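Residue strings, one per chain:
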Amino acid sequence: MRFWQKTLLVVMILFIVALDLSVGMIMNKSWQLNRQREVQRSDNELALIANNIYENLNSIKSRGMVVGDNVLLDVARSYAEYYRRQKIDLQLWDRGQRIYGRGGAAAGNETGDRAGQEGHQIERSSKLPAPYDHLILVYSRSIEDLYASQRELNRYIVFIQLIAGPLLAAALYMLIRQITRPLRQLSRTTQTIAEGKYGERVALKNKDEFGELAQHFNQMASAVESHVVDLSVMAEEKQRIVDNLAHELRTPLTSMQGFAQYLNAAHIGEEERITASGYIWSETMRLKNLVFKLLDLSTLRRQSIEMTCIQVDELFESVRLMEQGNLEQARIHLFMHTSTANVWGDPDLLASYLVNCIDNAIHASHEDSEIRLLAYEQDAQVVLEVRDFGRGMSPKQVKQAFEPFYRADPARSREHGGAGLGLSICRQIAEAHQAKLLLESEENRGTRMRIFLQLHNNEVHT
Amino acid sequence: MAKILVVEDEKPINDLITMNLKLVGHEFLKSFDGSSALSVLEREEVDLILLDVMLPGLDGYEVMRRIRHLNVPVIFITAKDSLADRITGFELGADDYIIKPFEILEMLARIHVALRRSTKEQAGWSLDGVEVRLAERQVYKHGQAVELTAREFELLEVLIQNRNIALSREKLLELAWGYDFEGETRTVDVHIRQLRRKLGWEDRIKTIFKLGYRLEVQGES
């Protein structure tokens, strides 16, 4: 059963019970009062009649006549006939003997309703004053009118309930639907979100508990949405890394396997033999490089480094020596400038970092262009900057550049660069140094790579 | 034999494929990216295309979309072996799908199937006065019909398809007899001896030490 149905039903039942109970009590009270009034009136009339009869009998007696049964009958008859016109029946009894009148045997000073053939009646009786106290006068009057009006009232109440009930139900229905509307809205939104549309929100501006609930609910939905987005981005990144790793492994393996088979099984000459074995050699080297770089990455991730004070000049010189061959081959000039003497770090890792950066710069640069290798102080940090004026990267490429195996070239061809691990290694080296790494790039303008290193050794020696 | 276009940007793999194609007597054209493949197809008519999916510039799927109207059988070569990638390939109308790293014999077999399907496979082939009519399943030596059993003919066909490549006895059993044949490798030796005798190919079908047999055809292409 729905909430609004329950509420409607319970309120209706409560209302009708309360209404009936209170109306019933009021009716009951008014019935008692009416009847009491009728009894009072009957008593008054009875007393009056009894007094009149007494006066009459007294005057008959004072005239010297004997009050016998005949006299009593006459008197009673004259009174009864007079009062019959007012729908009042009178009886006169003498010591248990009926002298006049019809009706039941009620004698004595008692009150009673009797539902006879004539309908409901009030019956009162009273002794006449002494010396006629052996005579009992019985008074009975129909109160059918009273009952009729009571019945009329009952009918009217049922009628009122028949009208008020549906009216109340309709009003209640509207009220409850109005009150539960935010609940339904919340329920709908929850369902939409459960179906996977995490962007859905509850549009509820109420200032009450429902508004509060909606607000909290929206906060929760936002948190869930951002988690879901994060998760799907992470899953995508992971899938890309796996795809790229698969490509990096499968490509050299295909060549190695194929050429080995070729050498083994094919009927070939010397020239083909040299080509095939050359490819096996070069692809093995490529795989070896990949494996070593992956090992570098994982060791960097786990090992802590030992920081020493490095002469920047020496560092740059060793890097220049390592890159000389590549630079000459690509006909690119390396411009070096240092305005700071020392930096704290691991010399091998920093050299590896710079070599990776310069390799990337060479691949991005055109012939006869320049690569700048700079060292300077900024905000109490030493900045090592590698800058090229080559083809640069789009903002989207910059965003993914640090992802392992990411290559700006979707075909991942071998002409430029390696497996796409260079920048991942750079990032690991920066993290190992707790240094900030900044990559800025603009398409066709060039790339600027900066690492912010400690000027002094901040570590506390123990 | 057939003329095959190889579109693969990795030079080693491109060379690997074409060197093997040369071995079994196919003609080939090399292409290292999508757009050059398209321009090759504008100039030349080919029987089959081996197409890498990850190519610089236009990728393999895009190339496939643009050449579908040519009705040339296409076999995709890729390192991506997810189901979704495979379905994309077949939906675009690829004939087959080879996943790196692949075996050369497997690649040749798939090429053979794809060519046969498009009836581009050569109907006959001859060597030293022996004429092999593949479609009729008949062999003539100097104009005289040579009686070969069905199994011997299958074996001969396998040897011709993979000529210049040494095939192990197990591989020959698998290719000529079928996967579920539970015979001994000595069966192969017996049939090879029969073939050599009937065709006079004692010097053509070489026994390769530790490997198996090879049909040697010098300088065919």
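Residues numbered from 1 in each chain as written. Chains lettered and ligands numbered in written order. Predicted model: local features only at pLDDT ≥ 70, side-chain atom pairs only at ≥ 80, totals over all residues. Heavy atoms only, no water.

## Observations concerning the overall build of chain B
So, point 1. In terms of regular secondary structure, chain B is built from eight helices and twelve strands.
So, point 2. With 221 residues in all, chain B has 52% of them scored as buried.
So, point 3. A total accessible area of about 10400 Å² is found for chain B, and carbon and sulfur atoms account for 47% of it. (Helix = DSSP H or I, 4+ residues; strand = E, 2+ residues; numbered from the N terminus. Buried < 20%, exposed > 50% of the residue type's maximum accessible area, 1.4 Å probe, protein only. Areas by Shrake-Rupley, 256 points an atom, 1.4 Å probe, with all protein chains shown as cover.)

## Overview of the pattern of salt bridges
So, point 1. Scanning the model with the defined rule gives 37 salt bridges over all chains in all.
So, point 2. Of the charged contacts in the structure, one is a salt bridge between Lys198(B) and Glu152(B), with a shortest N-O distance of 2.8 Å. Here the residue Lys198(B) occupies a position in helix H8 (residues 185-199), and Glu152(B) occupies one in helix H6 (residues 150-161), the gap between them amounting to 46 residues.
So, point 3. Given the relative accessible area of 23%, Lys198(B) is considered partly exposed.
So, point 4. Classification of Glu152(B) by relative accessible area gives buried; the value is 4%.
So, point 5. Three or more residues are tied together by salt bridges with common partners; here these are Glu38(A), Arg41(A), Glu45(A) and Arg141(A). (Salt bridge = Lys/Arg side-chain N within 4 Å of Asp/Glu carboxyl O.)

## Comments concerning the sheet that holds strand E7 (residues 333-338) of chain A
Residue and element names in this part refer to chain A.
So, point 1. Read from one edge of the open sheet, five strands run E7-E9-E10-E12-E11, paired in mixed fashion. Strands at the two margins of the open sheet, each flanked by one partner only, are E7 and strand E11 (436-442). Ignoring which end each strand starts from, the neighbouring axes of this sheet average 15° apart.
So, point 2. Note that strand E9 (residues 370-378) and strand E10 (residues 381-388) share eight bridges and pair antiparallel. Each residue of the ladder has a partner; that of Leu373, found in E10, is Val386.
So, point 3. Each of E7, E9, E10, E11 and strand E12 (446-454) is contacted by helix H7 (residues 347-364), which is oriented at about 25° to E10, the strand it contacts most.
So, point 4. Contacts from helix H9 (residues 422-432) reach E11 and E12 within the one sheet, and its direction differs from that of E11 by about 145°. (Pairing = 2+ DSSP bridges. Axes fitted to C-alpha atoms, helices over the stretch in contact; angles between N-to-C directions. Contact = heavy atoms within 4.5 Å.)

## A few points about the sheet that holds strand E6 (residues 124-127) of chain B
Residues and elements named next belong to chain B.
So, point 1. In spatial order, the strands read E6-E7-E8-E9; together these four strands make up an open sheet with antiparallel pairing. The outermost strands of the open sheet, each flanked by one partner alone, are E6 and strand E9 (144-146). Between one strand and the next, the sheet's axes are offset by a mean angle of 25°, whatever the strand orientation.
So, point 2. Relative to strand E7 (residues 130-133), E6 runs antiparallel, the two being bridged by four bridges. Residue pairing across strands places Leu127 opposite Val130, the latter belonging to E7.
So, point 3. Where H6 meets the sheet, it contacts E6, E7 and strand E8 (138-141), and its direction lies at approximately 100° from that of E7.

## Considerations on the pairing of strand E5 (residues 96-99) of chain B
So, point 1. For strand E4 (residues 74-78) of chain B and E5(B), the ladder comprises four bridges, and the chain directions are parallel. Looking at the pairing, Phe76(B) lines up with Tyr97(B) of E5(B).

## Overview of the interface of chain A and chain B
So, point 1. Taken together, the contacts link 28 residues of chain A with 29 residues of chain B.
So, point 2. Across the interface of chain A and chain B, roughly 2500 Å² is buried in total on both sides, 59% from carbon and sulfur atoms.
So, point 3. Of all residues in chain A, Arg250(A), Thr254(A) and His267(A) bury the most surface against chain B, accounting for 27% of the area lost on that side.
So, point 4. Put simply, chain A and chain B have two salt bridges between them.
So, point 5. Between Lys22(B) and Glu272(A) there is a salt bridge, with its nearest N and O atoms 3.4 Å apart.
So, point 6. Contributions of two or more residues to the side of chain A that touches chain B are made by helix H4 (209-265) and helix H5 (270-302) of chain A.
So, point 7. Here the residues of the side of chain A that touches chain B sort into ten nonpolar, eleven polar and seven charged. (Buried area = accessible area lost by both parts, 1.4 Å probe. Nonpolar A, V, L, I, M, F, W, Y, C, P; charged D, E, K, R; others polar.)

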